[in-house]
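# Overview (structure and organization)
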Amino acid sequence: MQAVLALVLVGELLALALTLSDTGLRGFSWFVFGKVSFLVLWVVLVSAALLCPLRPWLAKQNSLVAGSVSYGLVLGVTLFFVLLGQFVMLGSVLADMEGIVTSMIISAVFAGVALRYFYLQQQLRNQQQAELLARFDALQSRIRPHFLFNSMNTIASLIAVDPETAERMVVNLSHLFRATLSESRLVPLKNELQLCKDYVAMEQLRLGNRLRMEWRCGAEVNDVSASQTIPSLLLQPLIENAIYHGIQPLPEGGDIVVSVDVSDKTVTIVVTNPVSSPKTNQPASEIGAASSGNGLALANIRHRLNALYGSEGVVQVDKEDAVFTVTLRYPVQTNLPAKIKDN
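Residues numbered from 1 in each chain as written. Predicted model: local features only at pLDDT ≥ 70, side-chain atom pairs only at ≥ 80, totals over all residues. Heavy atoms only, no water.

### Describing the pairing of strand S5 (residues 266–274)
Most of S5 sits inside the fold, with seven of its nine residues counted as buried. Taken together, the six bridges between strand S4 (residues 254–262) and S5 define a ladder with antiparallel strand orientation. Looking across to S5, one finds that Val262 is bridged to Val267. Between the end of S4 and the start of S5, which pair antiparallel, lie three residues. Here S5 runs beside strand S7 (residues 323–331); their pairing, made up of nine bridges, is antiparallel. (Buried < 20%, exposed > 50% of the residue type's maximum accessible area, 1.4 Å probe, protein only. Helix = DSSP H or I, 4+ residues; strand = E, 2+ residues; numbered from the N terminus. Pairing = 2+ DSSP bridges.)

### What about the state of the cysteines?
All told, the structure shown has zero disulfides when counted by the stated rule. Take Cys196: it sits in no disulfide, and the sulfur closest to it among the cysteines is that of Cys217, at 9.9 Å. The class of Cys217 is partly exposed, set by a relative accessible area of 22%. (Disulfide = S-S within 2.5 Å.)

### Here's the deal with the environment of Val200
With respect to the helices and strands, Val200 occurs in helix H6 (residues 189–207). On the accessibility criterion, Val200 (6% relative accessible area) is buried. In this structure the C-alpha to C-alpha distance between Val200 and Met213, which are 13 residues apart in sequence, comes to 8.1 Å. In contact with Val200, not counting residues within four places along its chain, are Leu211, Met213, Trp215 and Ile239. (Contact = heavy atoms within 4.5 Å.)

### Here's the deal with the sheet that holds S4
Strand order in the open sheet formed by five strands is S2-S4-S5-S7-S6, and the pairing between neighbours is mixed. At either margin of the open sheet sits one strand with a lone partner, and together these are strand S2 (211–217) and strand S6 (314–320). The sheet shows a mean angle of 10 degrees between the axes of neighbouring strands, taken without regard to direction. Packed on one face of the sheet, H6 meets S2, S4, S5 and S7 and runs near 165 degrees to S2. (Axes fitted to C-alpha atoms, helices over the stretch in contact; angles between N-to-C directions.)

Right under this line is the structure:
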């Protein structure tokens, strides 16, 4: 609807400009403006309606062929409606040859300018898309080592005291990495939740009863989680931080609560965990962090959401009564552009 509205507004502005150039401001005629506007809108909207279904075919052609076909189509539509208009108003398709030539020249000029503008705009979008993907992959690559190093440290700590458990964790880790390396950028929400549950199961072996998890995922989440997407390894680092910087420093352990809510327009994920009292006044994004890893992960997640969803991707961090809360929000979207998805 926004594209159609934009075409109508541009068409009306063009009709106004053509009318003023013909009649001048003092002799402005609403009748002339109506005729020009009627012709321009038919040409603009019909051309757009014909070009839209041709987009898959045009995308496979080189720029010269695609541009020539589009340009010729607009000129053909213009000629058709100019001849039709003369037949309706003057009774003959060739009653005013000068008018036909004038209309075609005007159409050729404005169609060339418009198509060139759209071509440059598309080139800019392609460049921005390539930069976005490169940035996203760079951010993604920083998460994987973070996940690997912490997991390997956990295994190393168990080798001497419980080799059988360490062996099981190696097997679980291989399963986790098979899942994470098989897909990148975007994955189904249910896959990310299962990945997090497998990771928690590994940490449960190390921390025992000190780590208590609560998953608050309603029935509606289970219904849509197969189709709803999430950036790969977006939720797992939050749970990892909650364990390492929240539960692990507490002798008594604590509860981590993960809430997932999917509405008509927004996915909301909330992760809460207890934290020890900070020794100094710290900003909320750094509370409970024993190292720079917590701040790095939060900044990474914020950048990745911004890269994919712009201002609609939100990361909110709060601390109240020794409870650390991270809230993620991003728009519901199950059909992202193919270039974002993994090949």
